[in-house]
Amino acid sequence: MAQQIEQVTPPSSHGEGPHWDCGQNMLFYVDISGQKLNRYDPATKDLKTVHFDGPVSPVVPVLGTLDQLVVGVGADLVLVTVDWGALGTEPHVNQTITLLASVDRDKPDNRFNDGKADRRGRLWIGTMGPEPVVGQVTLGRGSLFRFEAANSSVRGSERMDVQKVLSPVDISNGLAWNDIETLMYYIDTPTGRIDVFDFDPDKGTVSNGRPAFDFRANNVTGSPDGMTMDADGNLWVACFDGSQVIKVDPVAGRLLQQVPIPASRVTSVAFGGRDLSTLYVTTMNKGLSEEQLRAQPAAGSVFAVTGLGTTGQRPGGRKAVVRR
């Protein structure tokens, strides 16, 4: 099958954080600066949107539910229950929200960025400092946090135990685990590389961080952003300001493939579809000049890439475990 790239959603300001829900066969993603959570149904092409008061990222469905998601809003982690059937096309909120945890209270301009759940349902979400101009982030303000469902006997409004895992970081970004979760791959974007850590799946701890792949050393255009891992153990990495997604062998530190995307600001990737053979790619048009927007009118859209000859890991999207 020949490789194909299709635009599947309208443009948004800052598309990010794609998450494929295998149970529902739905793609969830966010528009960070547009303050929106989106659900895309590839079978019907239907796109539903929930609006928030603050930058939104990431989104992770909750294990065992069809209507609950964990969402980052600013630096608050919230549990959202959405009545998807009642959502119309007009912008409105149809949801209930419960606070799970808050971070970086001493840095009020910080916000959550990328995040995922591991196989135990623990959430790994990072923060970053303010970005008054796209690409100009206040460095050294971010951290990577681990969130775990608190014991049911814990009192109070917050329902997640929070541990700071890595700090300081500049722009906490892409996350991925190998199939048996003995390794965790992590991107702090301004470093220009993918790092790998030894991962203890029982304790949820990382150690022995070291470089796995360096963009500059391999002459890769753009900066590393979001990423995912395929069933063969290779990483697929979004290249911000690089107009491409790359495939990397993280063990050999070798560039295997480059997939051009018709948008310069490629933000993240996730495998989806019923057989997990479609790579969904989010992009961004925020901060582009009028000339750039004319040259790349689909910037900000989600693209579906098929014919790559591989599939995502199973289960495709790890879900969050949250105390009821």
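What counts and how
- Residues numbered from 1 in each chain as written.
- Predicted model: local features only at pLDDT ≥ 70, side-chain atom pairs only at ≥ 80, totals over all residues.
- Heavy atoms only, no water.
- Salt bridge = Lys/Arg side-chain N within 4 Å of Asp/Glu carboxyl O.
- Helix = DSSP H or I, 4+ residues; strand = E, 2+ residues; numbered from the N terminus.
- Pairing = 2+ DSSP bridges.
- Axes fitted to C-alpha atoms, helices over the stretch in contact; angles between N-to-C directions.
- Core = buried A, V, L, I, M, F, W, Y, C linked by side-chain atoms within 4.5 Å.
- Buried < 20%, exposed > 50% of the residue type's maximum accessible area, 1.4 Å probe, protein only.
- Contact = heavy atoms within 4.5 Å.
- Phe/Tyr/Trp six-rings, centres within 6.5 Å; stacked < 30°, edge-to-face > 60°.
- UniProt positions renumbered as here; feature names shortened; annotations may be inferred.
- Polar contact = N/O pair within 3.5 Å; in protein donor to acceptor, adjacent residues only side chain to side chain.

### A look at the pattern of salt bridges
No. 1: Taken as a whole, this structure holds ten salt bridges when the rule is applied.
No. 2: For Arg-193, the salt bridge goes to Asp-195, with nearest N and O atoms at 2.6 Å.
No. 3: For the salt bridge of Arg-265 with Asp-241, the shortest nitrogen-to-oxygen distance reads 3.0 Å. In this pair, Arg-265 is assigned in strand β22 (residues 265-272) and Asp-241 in the loop between β19 (235-240) and β20 (244-249), connecting sequence segments 24 residues apart.

### Some remarks on the sheet that holds strand β17 (residues 205-214)
No. 1: On the basis of which strands lie adjacent, the open sheet formed by four strands has the order β14-β15-β16-β17 and antiparallel pairing. Two strands lie at the open edges of the sheet, namely β14 (172-177) and β17, each paired on one side alone. Direction aside, neighbouring strands of the sheet carry axes that sit 25 degrees apart on average.
No. 2: Pairing of strand β16 (residues 193-200) with β17, which is carried by seven bridges, proceeds in the antiparallel orientation. Across the sheet, Asp-198 pairs through a bridge with Ser-207, a residue of β17.

### What to know about the nonpolar core
No. 1: If you look at the biggest cluster of nonpolar residues, it comprises 18 residues, and the most contacted ones within it are Val-70, Leu-77, Leu-100, Leu-123, Phe-147 and Val-322.
No. 2: Listing elements by their share of this core, those giving two or more residues are β8 (76-82), β9 (95-102), β10 (111-117), β11 (123-128) and β12 (142-149).
No. 3: Ignoring any residue separated from it by four or fewer positions in sequence, one finds Leu-77 in contact with Val-70, Val-71, Gly-72, Thr-98, Leu-99, Leu-100, Ala-101, Phe-112, Leu-123, Ile-125 and Phe-147.

### Quick word on the sheet that holds strand β3 (residues 26-31)
Sheet strands pair by backbone hydrogen bonding; their relative direction is either parallel or antiparallel.
No. 1: Read across the open sheet, the four strands follow the order β2-β3-β4-β5; overall the sheet is antiparallel. Pairing within the sheet leaves two strands with one partner each, and these edge strands are β2 (15-21) and β5 (46-51). In this sheet, adjacent strand axes meet at a mean angle of 20 degrees when their direction is disregarded.
No. 2: As paired elements, β3 and strand β4 (residues 36-41) share five bridges and run antiparallel to each other. Following the sheet pairing, Asp-31 is matched in β4 by Lys-36.

### Observations concerning unusual backbone geometry
No. 1: In this model, Ser-57 is joined to Pro-58 through a cis peptide bond whose omega is -5 degrees.
No. 2: Its location among the elements puts Pro-58 in strand β6 (residues 56-61).
No. 3: Between Ser-167 and Pro-168 the backbone carries a cis peptide bond, its omega angle lying at 0 degrees.
No. 4: Mapped onto the elements of the fold, Pro-168 is located in strand β13 (residues 160-169).
No. 5: Although it is not a glycine, Ser-243 sits at a positive phi angle of roughly 55 degrees.
No. 6: With respect to the element layout, Ser-243 can be found in the loop between β19 and β20.
No. 7: A positive phi is found at Leu-276, a non-glycine position, where the angle reads about 60 degrees.
No. 8: Following the sequence through the fold, Leu-276 ends up in the loop between β22 and β23 (278-284).

### Remarks on the environment of Lys-203
No. 1: With respect to the helices and strands, the residue Lys-203 is situated in the loop between β16 and β17.
No. 2: Taking the C-alpha atoms as reference points, Lys-203 and Ala-75, separated by 128 residues in sequence, lie 25 Å from one another.
No. 3: Those residues in contact with Lys-203 that lie beyond four places of it in its chain are Arg-122 and Arg-146.

### Notes on the pairing of β10
Consecutive residues of a regular strand have side chains that alternate between opposite faces of the sheet.
No. 1: With respect to burial, β10 is a largely interior element, six of its seven residues being buried.
No. 2: The pairing of β10 with β11 spans five bridges and is classified as antiparallel. Residue Lys-116 lies in a different strand from β11, and its bridge partner there is Trp-124.
No. 3: From the end of β10 to the start of β11, which pair antiparallel, there are five residues, and Gly-121 there has a positive phi angle of about 85 degrees.

### Observations regarding the packing of aromatic side chains
No. 1: Taken as a whole, this structure holds ten aromatic pairs when the rule is applied.
No. 2: Aromatic pair Phe-28 and Trp-84: ring centres 6.0 Å apart, planes at 55 degrees, arrangement tilted. Of this pair, Phe-28 sits in strand β3 while Trp-84 is found in the loop between β8 and β9, placing the two residues 56 residues apart along the sequence. The pair Phe-28 / Trp-84 is uniform in exposure class, with both members buried.
No. 3: Note on Tyr-186 and Phe-197: the rings are 6.5 Å apart at their centroids and 65 degrees apart in plane angle, and the pair reads as edge-to-face. Of the two residues, Tyr-186 sits in strand β15 (residues 183-188) while Phe-197 sits in strand β16, which places them eleven residues apart along the sequence. No difference in accessibility class separates Tyr-186 from Phe-197, as the two residues are buried.
No. 4: Within the aromatic cluster, the residues linked to one another by ring pairs are Phe-112, Phe-145 and Phe-147.

### Here we look at the UniProt feature "binding site: substrate" (unreviewed entry) in the protein
No. 1: Mapped onto this structure's residue numbering, the UniProt feature "binding site: substrate" (unreviewed entry) falls at Arg-111, Asn-113 and Glu-131. Spanning 21 residues, the named residues form one tight spatial group whose C-alpha atoms are at most 11.8 Å apart.
No. 2: In this fold, Arg-111 is placed in strand β10.
No. 3: Discounting chain neighbours no more than four positions away, the residues touching Arg-111 are His-14, Ile-32, Pro-55, Gly-74, Ala-75, Gly-126, Thr-127, Met-128 and Glu-131.
No. 4: At a separation of 3.1 Å, a polar atom in the side chain of Arg-111 contacts the side chain of Asn-113.
No. 5: When you line up the elements, Asn-113 lands in strand β10.
No. 6: Residue contacts for Asn-113: discarding those within four places in its chain leaves Ile-32, Ser-57, Pro-58, Gly-126, Thr-127, Met-128, Ile-171, Ser-172 and Asn-173.

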